[in-house]
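# Commentary on secondary and tertiary structure
The primary structure of each chain is shown beneath.
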Amino acid sequence: MKHTFKIFMDFDGTISRQDVGEAVFRKFADEEKTNRIIDDLLNDRIPAKESWIQLCAAVDKIDKKELDEFIDTMEVEPTVYDFIKFCSTEGMDIYVLSDGFDYYIDRILKKNNISGLKVYSNHLQIIDGKMVPSFPYYDENCFSSANCKRNHILNHSSEDDFTVFIGDGNSDKGSVEYCDFIFAKDGLLRFCEMERITFFPFKNFIDVISKLKELNSKKRLKKRHRAQIKRQQAYTIE
Ligand SMILES: [Mg+2]
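Read on for a plain summary of the structure.

When you go through the protein residue by residue, the secondary structure sums to 10 helices and 7 strands. Taken over C-alpha atoms, the radius of gyration comes to 18 Å for the protein, in line with the 18 Å a tight globule of 238 residues would show. With respect to the three principal axes, the spread of C-alpha positions in the protein is 55 × 40 × 25 Å. Buried residues in the protein amount to 37% of all 238 residues.

Here's what the structure looks like:
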């Protein structure tokens, strides 16, 4: 039995090994402000969009060349290549949903020869040494991600699809609930445990591949009931 899976995955800490967004601000922004803003974000005291605006404002003047060189030191998770190949062979569409910025995502993907992924993220420009963010996919209903990941999931899946989410942290909190199968590590794993959301723990993409193979070989595969309810609610409210 073949099922249709749609793959939605985070970028920072999931495709990239480090949280690149956080690393950039820890390096280039005022340290004390950065600590406070990230603490506010992780404790749900400010929405993600507000945290990005504050973080960008906490960078005095940035040298583009220095920024690019720093971004080039960031690494991708080595098993991501196996995963992209697996999805392509199986005909599973991958959507990268990031609450980070296109500026470094595009650069990192290109440098590591990863192409052909559909990527949705926030937008960042460097204008006269200033970091200027903008948020093309902002939705006030998404608190923990300025790029509303939930909306992309709803827009790119139908009731015939099994939705899969792969992520590691804060920006994924609002969207995992809408997916049938959740792969979680680190902060997202702790969130799922706390919220009693069913998930598969994973360390790298080899774990994800073997679980997806197992799911795909099942004759009968059930959607997650809570995700179905959440999706229906989102459709009827908006
Ligand atoms: Mg992440």
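Let us now look at helix α6 (residues 102-111). Three or four residues apart is the spacing at which side chains of an α-helix point the same way, because the helix has 3.6 residues per turn. When α6 is considered as a whole, its buried residues turn out to be Tyr103, Tyr104, Ile105 and Ile108. In this structure, the buried residues of α6 make contact with α1 (20-28), α4 (64-71), β2 (93-101) and β3 (118-127).

The next point concerns the nonpolar core. Counting residues in hydrophobic clusters, the biggest one holds 50 residues, and the most contacted among them are Phe8, Met9, Val164, Phe165, Cys179, Ile182 and Phe183. Setting aside anything within four residues of it in sequence, one finds cysteine 179 in contact with Phe8, Ile153, Thr163, Val164, Phe165 and Ala227.

Once that is clear, we can look at helix α2 (residues 31-42). With 12 residues, α2 extends 16 Å from end C-alpha to end C-alpha; this agrees with the ideal 16 Å at 1.5 Å per step. Within the sequence span of α2, burial applies to Thr34, Ile37 and Leu41. The buried residues of α2 occupy an angular sector of 70° when the element is viewed end-on, so they sit on one face. Facing away from the buried surface of α2 by more than 90 degrees, the exposed residues are Glu31, Glu32, Asn35 and Asp39. A positive phi of about 55° marks aspartate 44, the residue just after α2.

Here we take up the pairing of strand β6 (residues 181-184). The alternating pattern of β6 places Phe181 and Phe183 on one face and Ile182 and Ala184 on the opposite face, and all of these are buried. Bridge analysis of strand β5 (residues 162-167) against β6 gives 4 bridges, and the strand direction is parallel. Its bridge partner being in β6, phenylalanine 165 is matched across the sheet by isoleucine 182. As paired strands, β6 and strand β7 (residues 200-201) are joined by 2 bridges and run parallel to one another. If you follow phenylalanine 183 over to β7, its bridge partner there is phenylalanine 200. Handedness of the crossover joining β6 and β7 through helix α8 (residues 186-194) is recorded here as right-handed.

Criteria and cut-off values
Residues numbered from 1 in each chain as written. Predicted model: local features only at pLDDT ≥ 70, side-chain atom pairs only at ≥ 80, totals over all residues. Helix = DSSP H or I, 4+ residues; strand = E, 2+ residues; numbered from the N terminus. Rg over C-alpha atoms; globule rule 2.2 N^0.38 Å. Buried ≥ 20, exposed ≤ 12 C-beta atoms within 10 Å, placed from the backbone. Contact = placed C-beta atoms within 7 Å. Core = buried A, V, L, I, M, F, W, Y, C linked by C-beta atoms within 7 Å. Expected span 1.5 Å × (residues − 1). Arc of directions from axis to C-beta. Pairing = 2+ DSSP bridges. Right-handed = clockwise from strand over helix to strand, strands pointing away.

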